[in-house]
Amino acid sequence: MNNHFTHVSIVLFFLCLIGSVCGYAQTSATTDTGYQLWLNYKPVLDTRLKRTYVQHYSQIRLSGSRYDEVIADELKRSLKAMLTITPEFVHNEKKGIQMSFCADKSLGQEGYIIRSGKKGITLQAYSDAGFLYGTFHLIRLIQCEYSLEHLNIRETPALDSRQLNHWDDLGTIERGYAGRSLWKWNDLPGKIDPRYTDYARANASIGINGVILNNVNADPRFLRRDYLEKIAVLAQIFRKYNIRVYLAANFGAPMKPSATPDVMRQWGGVGNLNTADPRNPEVQKWWKTKADEIYSLIPDFGGFVVKANSEGMPGPQDYGCTHADGANMLARALKPHGGIVMWRTFVYNPEIDKDRIKRSYKEFLPLDGMFDDNVILQTKNGALDFQPSEPAQPLFGSMTRTPLMAELQITQEYLGHSTYLVYLLPMWREFLDFDTHCKGAGSTIAKILTGEVIPQSYRAIAGVANTGDSHNWTGHHFAQANWFAFGRLAWNPKLETHKITSEWIKSTWNCDKQTLKVVEQMMMPTWKSFVCSHAPYSIGFTVQVKGHYLAGFEIRANKEWKIDNESIGNDRTITGSDYVSQYFEPNRSLFNDINQCPELYLLCFHRTPWNHKMKSGLTLREELIANLKQGIEQVDRNIELWKSLRGKIDERRFGEVMESLATEKKDTQAFYDSAIHFFNLYK
Ligand code: BDP
């Protein structure tokens, strides 16, 4: 009896042990919150692969670069989680991973080479930052379970400056759908959120090297000493990851509060002047002194982004000066310190043209060549706004003596906020591959940005961030993919879509083949289906004026675009507003011809008869109505696909994505109902 009892207890003890181990496994799986983003280091399950990784990554010789400390940190953290090893950092060994400087100048400030051979893996760079990016590449090789044989990788970024723009308003975030500010302004500079480092790690891992901390609708207080001291602390943390800090500057900042124009009443200026006139020596001096002050606190400060004379923001035109006058004045204050001005071209002054879409081009083209050499024009991908689809802004390729940088929007202002699963890479791809023909066929936007078509003294790209203080950073787990994809594209605008997408999936979720297939299947069609169901054929604004989320066809109709019983769309042909003429041939003729215009842009350029025959064989009316259902069909498909991954995905994230999909379904149905009701008014 006693023996039997002992036997039972031993069995029970082991059962409990197994139970608790399984229980532990389960809890650890269920507590996966998404906080780790794509740096979600998971154990490598393939034993053969694991053995090779362990063999190579157990010993590492660092290069002596200024990033060694964070490199070692990241390697320790990732290798422990993925391979259960703690690497040994060695000095002279010729095996394992060997990092060393090389004389290949063409690698530039950030490039690197990774090669594998009999003696292990070498990571070489010409400059310090190459080791940082190379290390994240080495880590990614394991995360994505790539083979280490015959590695011969050479990477240099195609764009020098790859930035995130945070539309941060000191607590809240304009067009932010993932919580409040990441920057804890009230706690800084004394108290430092560990999250700042995790944010920097995530960015460095995808190549982001610039952060604009605040909203383009800039509160002048960001330029006040107390805020600069807070900003200096962030800069210090980000610098460790090769990330520079920039600020959005309010052009009216030098003014004293009582002198500030109406639009700034809510803030007031932070100076003591009665004007912000760029010709005024006092104003020039104010900015010079401010620049000196900033650089004394942040020696590697990147510069300013400026939204001026746009949507009520103050600017040089308030004083009869041009955008160039304003930008150059700021540029001269920053120049001695190596800073730049990113002057935004998002302006739409109604006096310039009746058609809003034409205004920015008309204002900026005549200024080509008038900007100082440390000014770059920051230009949204489309000429209207961040619509779900738009033909590319015709300024790209037209400005030949002024560098232009692209501004993309990662936050889904017009694309379903953080509620919808919309993968933006296909949209950005469409933009980057857009052939401007400015120097003949093949003059794509990607090649313009990288300076291959028109020499660019400064090559840059910015994305309006979709982050906030929500635990998973972006609200929707899948919105992390847009941040990731933006970074990878910014590094290399030609990087293949499948590569970016599959690497995000593997490093965020897992390397299981079915997960990979299903998640990619979910993501890829979402941009197209969103466009079809929410803003068909690049028609323009279709959402409510406030919020930019709910359907607003009634409010937008016959204001932003035309509709009646005969036709729908915008006449921007040469006999209409003539927007087409802002494009180079053959785009101009192509867009001008209703039968040749790409259907994706049809309603942007043409007031199209409802009975116009589409390529599908259907009339415009039939196709538009049928396509409106695509949103619902897509989310239904995604729900089924996601369900098929139950058990493959950790429970908490699985459930949260399921909830997001359910909300998306409800909201997309409401959008559809509203759209159908509206279109049925016209027949
Ligand atoms: C619009 C946004 C607004 C921004 C503006 C801009 O609705 O919040 O301030 O763009 O980019 O799309 O300046």
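Fair warning: this is a prediction, and the values are worked out from it, not measured in the lab.

Parameters at a glance
Residues numbered from 1 in each chain as written. Predicted model: local features only at pLDDT ≥ 70, side-chain atom pairs only at ≥ 80, totals over all residues. Heavy atoms only, no water. Helix = DSSP H or I, 4+ residues; strand = E, 2+ residues; numbered from the N terminus. Rg over C-alpha atoms; globule rule 2.2 N^0.38 Å. Buried < 20%, exposed > 50% of the residue type's maximum accessible area, 1.4 Å probe, protein only. Contact = heavy atoms within 4.5 Å. Areas by Shrake-Rupley, 256 points an atom, 1.4 Å probe, with all protein chains shown as cover. Lys, Arg positive; Asp, Glu negative; His and termini not counted. Charge placed at Lys NZ, Arg CZ, Asp CG, Glu CD. Pairing = 2+ DSSP bridges. Axes fitted to C-alpha atoms, helices over the stretch in contact; angles between N-to-C directions. Domains from an automatic or database assignment. Buried area = accessible area lost by both parts, 1.4 Å probe. UniProt positions renumbered as here; feature names shortened; annotations may be inferred. Parallel < 35°, antiparallel > 145°, perpendicular 65-115°, else oblique. Left-handed = near helix turned anticlockwise from the far one by under 90°. Nonpolar A, V, L, I, M, F, W, Y, C, P; charged D, E, K, R; others polar. Near = heavy atom within 4 Å. Polar contact = N/O pair within 3.5 Å; in protein donor to acceptor, adjacent residues only side chain to side chain.

K.L.:
So what about the overall build of the protein chain? Which residues, and what values?
P.N.:
When helices and strands are counted, the protein chain shows 21 helices and 19 strands. For 683 residues, the compact-globule estimate of 2.2 N^0.38 gives 26 Å, and the C-alpha radius of gyration of the protein chain, at 27 Å, lies within 12% of that figure. Here the C-alpha coordinates of the protein chain stretch approximately 95 × 60 × 50 Å along the principal axes. Buried residues in the protein chain amount to 60% of all 683 residues. Put simply, 71% of the contacts in the protein chain that link residues at least 6 apart link residues at least 24 apart. Total accessible area on the protein chain stands at roughly 27000 Å², and carbon and sulfur atoms take up 53% of it. In the protein chain, 79 positive and 74 negative side-chain charges are present, and the distance between their average locations comes to 3 Å.

K.L.:
Can you break down the sheet that holds strand E14 (residues 375-380) residue by residue, with the values?
P.N.:
Within a sheet, neighbouring strands are paired by backbone hydrogen bonds and run either parallel or antiparallel to one another. Ordered in space as E7-E10-E11-E12-E13-E14-E15-E16, the 8 strands form a closed barrel in which the pairing is parallel. Each strand of the sheet is rotated relative to its neighbour by a mean of 25°, with strand direction disregarded.

K.L.:
Quick one: what's the story with the domain arrangement of the protein chain, residue by residue and with numbers?
P.N.:
Segmentation of the protein chain into domains returns domain 1 (39-155), domain 2 (162-469) and domain 3 (527-679). Put simply, the middle of domain 2 and the middle of domain 3, counted by C-alpha atoms, are 29 Å apart. Listed as interface residues are 37 residues of domain 2 and, on the opposing side, 34 residues of domain 3. Both sides of the domain 2 and domain 3 interface together cover about 3200 Å² of buried area, and 61% of this is carbon and sulfur.

K.L.:
Give me the UniProt feature "domain: Alpha glucuronidase N-terminal" (unreviewed entry) in the protein chain: which residues, what numbers.
P.N.:
When the UniProt feature table is mapped to this numbering, "domain: Alpha glucuronidase N-terminal" (unreviewed entry) covers residues 37-138. Helix makes up 37% of residues 37-138 and strand 23%, and the two end C-alpha atoms of the span are 18 Å apart.

K.L.:
Talk me through the packing of helix H14 (residues 513-523) against helix H20 (residues 630-643); I want residue IDs and the actual numbers.
P.N.:
For the pair H14 and H20, interaxial distance at closest approach is 10 Å and the crossing angle is 165°. Put simply, H14 runs roughly antiparallel to H20. Between H14 and H20 lies a crossing of left-handed hand. In this structure, H14 uses Val518, Val519, Gln521 and Met522 to contact H20, whose residues at the interface are Gln634, Asn638, Leu641 and Trp642. Across the contact of H14 with H20, the residue classes break down as 5 nonpolar, 3 polar and no charged.

K.L.:
How would you summarise the pairing of strand E15 (residues 404-409) if you had to cite specific residues and measurements?
P.N.:
Burial analysis of E15 places 6 of its 6 residues in the buried class, which makes it a mostly covered element. The alternating pattern of E15 places Leu404, Ala406 and Leu408 and Met405, Glu407 and Gln409 on opposite faces, both of which are buried. Pairing of E14 with E15, which is carried by 4 bridges, proceeds in the parallel orientation. Bridged to lysine 380 within E15 is glutamate 407. Inspection of the sheet shows E15 paired to strand E16 (residues 460-464) by 4 bridges, in the parallel sense. The residue bridging glutamine 409 from the neighbouring strand is valine 464, located in E16.

K.L.:
Would you mind going over the site of the ligand in detail, with residue names and values included?
P.N.:
In the vicinity of the ligand there are 14 residues, among which Glu174, Lys307, Arg344, Asp385 and Glu413 approach most closely. Residue lysine 380 places a side-chain N or O atom 2.7 Å away from an oxygen atom belonging to the ligand. In this structure, an oxygen atom belonging to the ligand sits 2.7 Å away from a side-chain N or O atom of aspartate 385. Contact with the protein chains covers 97% of the free accessible surface of the ligand, which is 320 Å².

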